Amino acid sequence: MLRCSFCGRRAVYHRRYAGVFLCDRCMIKSVERRFRRAISENKLVMPGERVAVAVSGGKDSVACLHLLHDYCRGRRCELVAITVDEGIKGYREQSLPVARENAEMLGVEHHVVSFKEVFGAKLDEMVKIAAKRVTGLNPCTYCGVMRRHLLNQAARELSADKLATGHNLDDETQAIMLNYVRADLSRLYRLGPIYMPREGFVPRIKPLREIPEKEVALYTLLRGIKVHLDVCPYASGIHTEIRDFLNSLETNHPNSKFMILRMFEEIRPHLQEAVPEVEMKSCESCGEPTSTRLCKTCELLQGIGLAKRRKNLISDQNS
Ligand code: SF4
Ligand code: ZN
Ligand code: ZN
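Attention in this report is confined to the structure presented alongside it. (Residues numbered from 1 in each chain as written. Chains lettered and ligands numbered in written order. Predicted model: local features only at pLDDT ≥ 70, side-chain atom pairs only at ≥ 80, totals over all residues. Heavy atoms only, no water.)

## Describing the overall build of the protein
Helix and strand content of the protein: 13 helices and 10 strands. With the C-alpha coordinates of the protein rotated into their principal frame, the extents come out at 60 × 40 × 40 Å. Expressed as a percentage of the 319 residues in the protein, the buried residues total 51%. For the protein, long-range pairs separated by at least 24 residues make up 72% of all intrachain contacts whose partners lie at least 6 apart in sequence. Summed over all atoms, the accessible surface of the protein reaches about 16000 Å², with 50% contributed by carbon and sulfur. Charged side chains in the protein number 50 positive and 39 negative. The centres of these two groups are separated by 3 Å. (Helix = DSSP H or I, 4+ residues; strand = E, 2+ residues; numbered from the N terminus. Buried < 20%, exposed > 50% of the residue type's maximum accessible area, 1.4 Å probe, protein only. Contact = heavy atoms within 4.5 Å. Areas by Shrake-Rupley, 256 points an atom, 1.4 Å probe, with all protein chains shown as cover. Lys, Arg positive; Asp, Glu negative; His and termini not counted. Charge placed at Lys NZ, Arg CZ, Asp CG, Glu CD.)

## A look at the coordination of the zinc ion (ligand 3)
For the zinc ion (ligand 3), the protein coordination sphere consists of Cys283 (SG), Cys286 (SG), Cys295 (SG) and Cys298 (SG), at 2.3 Å. Around the zinc ion (ligand 3), the four donor atoms are arranged such that angles at the metal cover 108 to 113°; this shape is classified as tetrahedral. Each donor residue of the zinc ion (ligand 3) belongs to the same chain, with the gaps between them written as C-x2-C-x8-C-x2-C. An identical accessibility class is assigned to cysteine 283 and cysteine 286; each is buried. (Donors = N, O, S within 2.8 Å, 3.2 Å for Na, K, Ca; no water. Tetrahedral: all angles 85-135°; square planar, octahedral: opposite > 155°, others 65-115°.)

## Structural notes on the coordination of the zinc ion (ligand 2)
Tetrahedral coordination by four donors places them ideally at 109.5 degrees to one another around the metal; octahedral coordination by six donors ideally gives 90 or 180 degrees. The zinc ion (ligand 2) binds to the protein through Cys4 (SG), Cys7 (SG), Cys23 (SG) and Cys26 (SG); the donor distances cover 2.3 Å. Coordination at the zinc ion (ligand 2) comes from four donor atoms whose angles at the metal span 102 to 118°, giving a geometry best classed as tetrahedral. One chain supplies every donor for the zinc ion (ligand 2), spaced along it as C-x2-C-x15-C-x2-C.

## Side note on helix α6 (residues 139-157)
With 19 residues, α6 extends 27 Å between its outermost C-alpha atoms, agreeing within 8% with the 27 Å of an ideal straight helix rising 1.5 Å per residue. One or two steps after α6, the chain reaches serine 159, where phi turns positive at roughly 60°. (Expected span 1.5 Å × (residues − 1).)

## Observations regarding the site of ligand 1
Taken together, Leu123, Cys140, Cys143, Arg147, Cys232, Tyr234 and Ala235 are the residues near ligand 1. By residue number, the principal contributor to the shell around ligand 1 is α6, which donates three residues. The residue makeup of the shell around ligand 1, split by class, is six nonpolar, no polar and one charged. (Near = heavy atom within 4 Å. Nonpolar A, V, L, I, M, F, W, Y, C, P; charged D, E, K, R; others polar.)

## Digging into the packing of helix α5 (residues 123-133) against α6
Two numbers describe a pair of packed helices, the interaxial angle and the distance between the axes. Two elements in contact, α5 and α6, have axes whose closest approach is 10 Å; the angle formed by their N-to-C orientations is 135°. The orientation of α5 relative to α6 falls into the category oblique. Considering how the two elements wind past one another, α5 and α6 form a crossing that is right-handed. Contact with α5, carried on its side by Leu123, Met126, Val127 and Ala130, involves Pro139, Tyr142, Cys143 and Met146 of α6 and no other residues of that element. (Axes fitted to C-alpha atoms, helices over the stretch in contact; angles between N-to-C directions. Parallel < 35°, antiparallel > 145°, perpendicular 65-115°, else oblique. Left-handed = near helix turned anticlockwise from the far one by under 90°.)

Here is the structure:
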């Protein structure tokens, strides 16, 4: 029997990059410690703040909700959960109840914002229209841009000081590599534990950024937290190629993901001057902040003959 390198109990996990074995208790403690350290070192959450958590129902966002809930206890922070229902058949209908159940169990106020209600079409419908119009854009482009748009707007309407997402180490290193491959300096610059954007945008925080995906999954399993584990049917293309590449790199050379993250942190401060300052305006169509005439969401919607229907997300929902 393999024993925990810290307490001698039965090991459940081999942390190859650190050369140690961990038992269930030490594993849970280690994830929680890393989470708290990420918050305090990067000043992600300050006492008294209201934090909106993007909760899809998947393991990362649900773990983030539970960890923040524990963290906020006794620190006068307030949590609110937001789920975006993109309208992906066979996927989101199953993860949404999991998000709701977890928020309810923790007593966290929960809001659902749907593509169908706000944009007049589900992601599945948008994908079909886009295929007919041969836009050349893949589902993740619509999904990513529009989900970020709704999350930011909902968090702002809910008077949140921060918007937390469940990005783990694997997500972050994939994003770093993707922006290298695409040579996108301004998106690369926006990565990091906290991104303090311009007016109209709620600062985004990633408290799980230094925790490998495997460890987040194991953490939810060991704590008996209910999560949705399926993979989105649209997940494919360059994102999955980069994920597979990083996983094989990590298998053959443990610690590679952390090294990619550390190297990026060294480079990041030097990127600011390469990213041009842009003047912010209001989108001519929906009024949301943007640096161009139309925000990216309205531009994508226009390309498939749609327009944003609802200007206010939360207040219209409650009225
Ligand atoms: Fe959206 Fe693409 Fe993620 Fe699916 S894989 S949830 S389409 S971004
Ligand atoms: Zn132990
Ligand atoms: Zn717009």
